[in-house]
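Spelled out from the first residue to the last, the chains are:
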Amino acid sequence: MSLRHFCRMTLTFGANCQSKAFGQSFRTTLTPVKSYSASAGGQTVVSERRGAVVTVAINRPEARNAVNQETAARLLEEFQAFDSDPDLNVAVLHGTGGNFCAGYDLKMLANQKVPLELEQDVTKDPGPMGPTRLQLSKPLIAAVSGFAVAGGLELALLADLRVVEESAVMGVFCRRFGVPLIDGGTVRLPRLIGLSRALDLILTGRPIGVQEALAYGLANRVVPDGQALQAALQLAEQISSFPQQCLRSDRSSAVYSCYDAPNFTQAMQYEFDHGRPVIQAEAVRGAVRFTAGAGRGGTFS
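Residues numbered from 1 in each chain as written. Predicted model: local features only at pLDDT ≥ 70, side-chain atom pairs only at ≥ 80, totals over all residues. Heavy atoms only, no water.

### So, the pattern of salt bridges
- For the structure shown, the criterion picks out nine salt bridges.
- Put simply, Arg60 and Asp105 hold a salt bridge, and the shortest N to O gap is 3.1 Å. Highlighted residues: Arg60 in the loop between β2 (53-58) and α1 (69-84) and Asp105 in the loop between β3 (90-95) and α2 (106-110), separated in sequence by 45 residues.
- Between Arg74 and Glu78 there is a salt bridge; the shortest N-O distance is 2.9 Å. (Salt bridge = Lys/Arg side-chain N within 4 Å of Asp/Glu carboxyl O. Helix = DSSP H or I, 4+ residues; strand = E, 2+ residues; numbered from the N terminus.)

In structure tokens form, the structure reads like this:
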């Protein structure tokens, strides 16, 4: 994998170069409806609904989608709205203009006239990048193109799954400027890829290409440039088609066992307690469908 994105450095996000993903249109049809974020004009975050799936786009392409305070607040609003909306099952986060997110806007930080005010209690919202302190109850997929670095990497780590384009670059680029990971990077990254690999990225700040990210488990799917959003939407629609109470119960149990369970026994108890109600709610109906011939031979249609 050639890190052809990794060129000369700038304060805003750590690189300034051209990507063949820039300017390409995604080959999928989004149906614009009344969205949480109104129209795209002048909006730093734009959302669109497609049935039970919502896309959330960081819309600051002139800054490689670096997040400022307004953008952070808008992202938090979008994901809180998604999580509380009973008609939505899956969200897809992406960036406009060929980049996912270049982290926090360091130009804004450099020109700050007063000290940056941050919520110190992590049980309260928001995180500096916006939604990073949330514990979502429904799946989130990140469609990663171009740069997903520094705080942008932390946003990608918030997602359950990451669909990554071939020329994308990830990394803790903020290492060079003394900007700490305070949006869950040191918490989520070791859980996802292991402490040794996480420390390699955290301590060196080096760029990581898509094949290494895939081998690490940081990328879940690799797609050609310009196709991350399309592929993420297809994945979201597949996930949305499954019985949702069962899916969310299993997801919740997996997250609990990884982050919150004090021991194996408690994790097993949590799994059973949350899975048992699903048997009557969804499993019996599923068994009837299977008996009638659905899903035979491992088919998902």
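### Re the sheet that holds β3
- If you trace the six strands from one edge of the open sheet to the other, you get β1-β2-β3-β4-β6-β8, paired in mixed fashion. This sheet does not close on itself; its edge strands, each paired only once, are β1 (45-50) and β8 (221-223). Taken pair by pair, the neighbouring strands of this sheet meet at an average axis angle of 20 degrees, ignoring direction.
- Here six bridges tie β1 to β2, and the two strands are oriented antiparallel to one another. Across the sheet, the residue bridging to Arg50 is Val53, located in β2. (Pairing = 2+ DSSP bridges. Axes fitted to C-alpha atoms, helices over the stretch in contact; angles between N-to-C directions.)

### Some words on the packing of aromatic side chains
- Summed over all chains, the structure comprises three aromatic pairs.
- Ring geometry for Phe147 and Phe173: centres 6.0 Å apart, planes at 65 degrees, overall edge-to-face. Placement of the pair is Phe147 in strand β5 (residues 147-149) and Phe173 in the loop between β7 (169-171) and α4 (185-193), with a sequence separation of 26 residues.
- Taking 4.1 Å as the distance between ring centres and 10 degrees as the angle between the ring planes, the aromatic pair formed by Tyr256 and Tyr270 counts as stacked. Residue Tyr256 is located in helix α8 (residues 244-259), and its partner Tyr270 is located in helix α9 (residues 264-291); the two are separated by 14 residues in the primary sequence. Across the pair, exposure class does not vary: Tyr256 and Tyr270 are buried alike.
- Above the plane of the ring of Phe82 lies Lys138, whose end atom (NZ or CZ) is 4.7 Å from the centre. (Phe/Tyr/Trp six-rings, centres within 6.5 Å; stacked < 30°, edge-to-face > 60°. Buried < 20%, exposed > 50% of the residue type's maximum accessible area, 1.4 Å probe, protein only. Lys NZ or Arg CZ within 6 Å of the ring centre and 35° of its normal.)

### Overview of the pairing of β2
- Taking burial as the measure, the six residues of β2 include six buried ones, the bulk of the element.
- Burial along β2 is two-sided: the residues Val53, Thr55 and Ala57 and Val54, Val56 and Ile58 are all buried.
- As consecutive antiparallel partners, β1 and β2 are separated by two residues, and within that stretch Gly51 has a phi angle of approximately 65 degrees, a positive value.
- Of the strand pairs in this sheet, β2 and β3 are connected by six bridges, and their pairing is parallel.

### Focus on the side chain of Asp183
- Examined against the element boundaries, Asp183 turns out to sit in the loop between β7 and α4.
- Although buried, Asp183 forms no salt bridge, and the nearest oppositely charged side chain, Arg133, lies 6.0 Å from it.
- A distance of 2.9 Å separates the side chain of Asp183 from the backbone nitrogen of Met129, its partner in a polar contact.
- Looking at Asp183, its side chain comes within polar contact range of the side chain of Thr132, at 2.4 Å.
- Excluding its chain neighbours within four sequence positions, the residues that come into contact with Asp183 are Gly127, Pro128, Met129, Gly130, Thr132, Glu154 and Arg188. (Lys, Arg positive; Asp, Glu negative; His and termini not counted. Polar contact = N/O pair within 3.5 Å; in protein donor to acceptor, adjacent residues only side chain to side chain. Contact = heavy atoms within 4.5 Å.)

### Looking at the confidence of the model for the chain
- In this model, the chain carries an average pLDDT of 87, and 86% of its residues clear a pLDDT of 70 or more.
- Overall, residues 1-39 carries pLDDT values under 50, and its contacts beyond four positions in sequence, including any with other chains, amount to 110 contacts. (pLDDT = per-residue confidence, 0-100.)

### Here's the deal with the packing of helix α3 (residues 151-158) against α4
- At their nearest, the axes of α3 and α4 sit 10 Å apart, and the two run at 55 degrees to each other. Taken as axis vectors, α3 and α4 run oblique relative to one another. Pair α3 / α4 crosses with left-handed handedness. Packed against α3, whose contacting residues are Glu154, Leu157 and Leu158, the element α4 presents Gly185, Arg188, Leu189 and Leu192 at the interface.
- Taken together, the residues of the contact of α3 with α4 sort by class into four nonpolar, one polar and two charged. (Parallel < 35°, antiparallel > 145°, perpendicular 65-115°, else oblique. Left-handed = near helix turned anticlockwise from the far one by under 90°. Nonpolar A, V, L, I, M, F, W, Y, C, P; charged D, E, K, R; others polar.)

### Focus: the environment of Val222
- With respect to the element layout, Val222 can be found in strand β8.
- Residue class for Val222 comes out partly exposed when judged on its relative accessible area of 28%.
- Measuring from C-alpha to C-alpha, the distance between Val222 and Glu166 comes to 6.3 Å, with 56 residues separating the pair along the chain.
- With near-sequence residues (within four places) excluded, Val222 lies in contact with Val164, Glu166, Val210, Gln211 and Leu214.

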